[in-house]
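# Descriptive analysis of the structure
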Number of protein chains: 2
Amino acid sequence: MSRQLHLNLFIHGRGHHEAGWRHAGATRQALTDLDYFSALAQRAEQGRFDSVFLADALALGDGAAHVATGALEPITTLAALAQTTRHIGLIATASTTYTEPFNLARQFASLDHITRGRAGWNIVTSWVRGAGPNFGHAHQIEHAERYARAHEFLDVVTGLWDSWADDAIVDDAAGGRFLDPARIRPVAHQGRFHSVAGPLNLPRPPQGWPVLVQAGSSPSGRQFAARHAEAVFTAHLDKASAAAFYAELKGAAAALGRAPAQIVILPGLSAAIGATEAQARALLEELNALTDVSVGLERLSNRFGGHDFSHLDLDQPLSVDDFPDPATVQAAQSRAAVITGLVRRERPTLRQLLHELAGARGHFTFAGTPEQVADVIADWFATGAADGFNLMPPVLPAQLDAFVEHVVPLLQRRGLFRTEYTATTLRGHYGLARPANRFFAARDAA
Amino acid sequence: MSRQLHLNLFIHGRGHHEAGWRHAGATRQALTDLDYFSALAQRAEQGRFDSVFLADALALGDGAAHVATGALEPITTLAALAQTTRHIGLIATASTTYTEPFNLARQFASLDHITRGRAGWNIVTSWVRGAGPNFGHAHQIEHAERYARAHEFLDVVTGLWDSWADDAIVDDAAGGRFLDPARIRPVAHQGRFHSVAGPLNLPRPPQGWPVLVQAGSSPSGRQFAARHAEAVFTAHLDKASAAAFYAELKGAAAALGRAPAQIVILPGLSAAIGATEAQARALLEELNALTDVSVGLERLSNRFGGHDFSHLDLDQPLSVDDFPDPATVQAAQSRAAVITGLVRRERPTLRQLLHELAGARGHFTFAGTPEQVADVIADWFATGAADGFNLMPPVLPAQLDAFVEHVVPLLQRRGLFRTEYTATTLRGHYGLARPANRFFAARDAA
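A brief report on the enclosed structure follows. If you're wondering where the values come from, they're calculated on a predicted model, not measured in any experiment.

The subject of this paragraph is helix 11 (residues 370-382) of chain A. All names here are of chain A. Over its 13 residues, helix 11 extends 18 Å from the first C-alpha to the last, a length consistent with the 18 Å expected when each residue adds 1.5 Å. If you check which residues of helix 11 are buried, you get P370, V373, A374, V376, I377, A378, W380 and F381. Buried residues along helix 11 sit in contact with helix 6 (239-255), strand 11 (264-273), strand 12 (364-368), strand 13 (388-391) and helix 12 (398-413). In the stretch just after helix 11, G384 is the one whose phi turns positive, near 75°.

This is the structure we're talking about:
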């Protein structure tokens, strides 16, 4: 079979465009209504998507008064979606900075059992400034330390998943033996940030480990991804940037001895789909006209660690000198670099930049017909910029519906995308190997 | 309407009897199979139970090789059960000692939204010895400090739930206003154990707060319950002990200005049900014969902080001098006191004690016909020992099925128990008031 495209639905508010919630194509359901999330996941499943994904932030977001915010927590939401979907992978975001590794290992193991092997963990270090003060810290923990914690945290969590051999449960009712204690062991981790005895208190997940997903693209984030990530969500404003990232990350993974196919790279794509190109463009313009400058300025400021842009003229071309150096930013460094790269190349006005970012917060946005969207997807996929896409519809559910109804059949007709599910687990959908257990070799079938 | 009985199903392994998993009436499904939990919750819902409840421990349990252990994590399980049940309340255990209050407040708020107001939180301080070392502590945190933490933790969590007024979401798409920032506020908690800025990042739960449940019966546990608990699970080996506890706790709550009906007291009841009394007794004897002395000794030892009982003769009467003083025990002090009380009263042999505890770990066990079980329930309910029961079937699902089929109709015929659900929330089932918001008065309807 030829190489197959992967598609993930990124569920965010009532759509990824900052003003999507105000549009007639957006749901009127509350963001605390599980039925809304179920309907989206079911729609993506009808479209044979590999997975759905919920992002997360551990503090109330930017510009909260003017954007649709306050959604359900991801882990509980995905456990519920396990019961309302049958095939699609379910990826929840959780932080390595502000949770206990034992609790997180356990909840994701439980999710993987509940979903029968459809769970993924989007590993984040929590860049939003408000997170630290919700967890006993006077300030946000700095970027480098967050990544140092993340490496150790992942080592503990994967060790806990491996603390039970796959065959640890004997379940011999007649003989009175439920477990084989020789097939369970402590992890006895004593590190810089964590000490965890183990073992975990539930069996190894069906997938061995839930799929490890990562979305940080700073130098530290890329190192982390090259070493650990099995699927990567990444933000690029054009194909050249995506292709460079793709080549670099696959190369870095290969240099660490990993098979390049075992790291699936999924750039964000926010597609505004219309019956004609003019209609698609009109949709984006309509959404941009609904944005609030104060929200855009607050979000831009937060992307640059609180830097103030409000004194700049909205309609004068920007220069990189208007921005702090991204390498000094303690938030999401890679996204800051994407923004200054755009400013250097295109010299937009501040208003134009805010509209560009309103579409999908620094991800690639595109307006066109279903054929044009399918062309972009096929092109990036064929020419080394993507293994698939993290679909970020600007308005939910209308623009997801348009994609499933009109773009997916084109991709299927071109032989790029599955017409039926052929696997039962998220690893199966993404073509990922089941990880060996670091502590226990599989027993030979006698 | 006359005072109504409340029933909670306590789901534990394949039944509460230590050897229940070995019995022919026990499921063969894995404890990681959500369908098993769903079927039990649905059966309890057919029986019009108020709620189901999952206990928890943050370390692999005692005697794990010989008991059915390694079940799904409670919060993820209940989120999934929200989709497979419609009416019944769903109570998950979570620890105030080894979780972050922001994360826990958020997951329970999310659960309450997902269940549309059917969530409860069983607040525990985590007595098992293995928990501390899974969370960065060299040893278990001591009993008194665990309760000091619990009080502060609860204050933070309820504050986070109250950090959004019930009407904080405006959702004015035309006007571009999603939230009213004046109806959301930080909690700014700076305490001995926690500092949490807030606000929470999702709206106030439908019930205001999920129902607060508590099960610790030590002096510290009773103080905590009198002040905070809205439902109490409690272990007694006889009615006199239950009645004394009931009177004391209702009195202590009243002394704090609380209405006694706003604290629902549910003693544990492990009923072995048979068509005849002889059959019921034979079932218990069959189960006791399937126990493993080493498991019973390890569990007894853990109940007394690691004290060794293995040198004692199994068939000689015990004395209280064989036990450490319960007040010095750093585990679950009240359960230790229940056990030494039994020894003082009845002078059982060690083997008899282990069988007694094998039934339901110190809760009341009873073997009889459906009529006899209904009589016990009606008697305790009528004479000030219980507002209802925490049902702990010795074998699951068989003994739950027997209770729903044969005992529930008797209770309904006597006018003690609902025949249909009349409320839609767990607060409604238990007759509990919705808590006022400490920060925001409800607005008058204009």
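Glancing now at the nonpolar core. By size, the foremost hydrophobic cluster in this structure holds 187 residues, and its most contacted members are F49, W121 and F403 of chain A together with F49, W121 and F403 of chain B. Excluding residues within four positions of it along the chain, F403 of chain B makes contact with L7, F49, I273, V373, I377, L391, V408 and L411 of chain B.

Between chain B and chain A, the superposition needs a rotation of 180° and an axial shift of 0.0 Å, giving an RMSD of 0.0 Å. Taken together, the rotation and translation describe the operation of a two-fold axis. Among all residues of chain B, the one whose C-alpha sits closest to the rotation axis is A80 of chain B, at a distance of 2.1 Å. Looking at the interface residues of chain B, 99% of them are also at the interface in chain A, so both copies use one shared face.

The next point concerns the packing of helix 11 of chain A against helix 12 of chain A. Residues and elements named next belong to chain A. Orientation of helix 11 relative to helix 12, taken along the N-to-C sense of each, is 50°, at an axis distance of 9 Å. Comparing the axis directions of helix 11 and helix 12 gives the class oblique. The crossing of helix 11 and helix 12 is right-handed. Contacts between helix 11 and helix 12 involve P370, E371, V373, A374 and I377 from the former and F403, H406, V407, L410 and L411 from the latter.

A common way to state how big an interface is: give the accessible area lost once the parts meet. The partner chain A presents 69 residues to the 70 residues of chain B that form the contact. Joining chain B to chain A, the criterion identifies 10 salt bridges. Across the pair D33 of chain A and R116 of chain B runs a salt bridge, and its minimum N-O distance is 2.8 Å. For the side of chain B that touches chain A, the elements supplying multiple residues, two or more each, are helix 1 (34-46), helix 2 (74-81), helix 3 (101-114), strand 5 (169-172), strand 6 (177-179) and strand 8 (195-196) of chain B. Here the side of chain B that touches chain A takes 8 residues from helix 3 of chain B, the largest share from any one element. Of the residues that constitute the side of chain B that touches chain A, the class distribution is 36 nonpolar, 21 polar and 13 charged.

At the junction of G198 of chain A and P199 of chain A, the peptide bond is cis and its omega measures out at 0° in the coordinates. Mapped onto the fold, P199 of chain A is located in the loop between strand 8 (195-196) and strand 9 (211-214). In this chain, L396 of chain A is followed by P397 of chain A through a cis amide linkage whose omega measures 5°. Along the chain, P397 of chain A falls in the loop between strand 13 and helix 12. We note that R48 of chain B has phi near 60°; this positive angle belongs to a residue other than glycine. Taking the relative accessible area as the measure of exposure, R48 of chain B reaches 19% and is therefore buried.

Cut-offs used in this document
- Residues numbered from 1 in each chain as written.
- Chains lettered and ligands numbered in written order.
- Predicted model: local features only at pLDDT ≥ 70, side-chain atom pairs only at ≥ 80, totals over all residues.
- Heavy atoms only, no water.
- Helix = DSSP H or I, 4+ residues; strand = E, 2+ residues; numbered from the N terminus.
- Expected span 1.5 Å × (residues − 1).
- Buried < 20%, exposed > 50% of the residue type's maximum accessible area, 1.4 Å probe, protein only.
- Contact = heavy atoms within 4.5 Å.
- Core = buried A, V, L, I, M, F, W, Y, C linked by side-chain atoms within 4.5 Å.
- Least-squares fit on C-alpha atoms with pLDDT ≥ 70 in both.
- Axes fitted to C-alpha atoms, helices over the stretch in contact; angles between N-to-C directions.
- Parallel < 35°, antiparallel > 145°, perpendicular 65-115°, else oblique.
- Left-handed = near helix turned anticlockwise from the far one by under 90°.
- Salt bridge = Lys/Arg side-chain N within 4 Å of Asp/Glu carboxyl O.
- Nonpolar A, V, L, I, M, F, W, Y, C, P; charged D, E, K, R; others polar.

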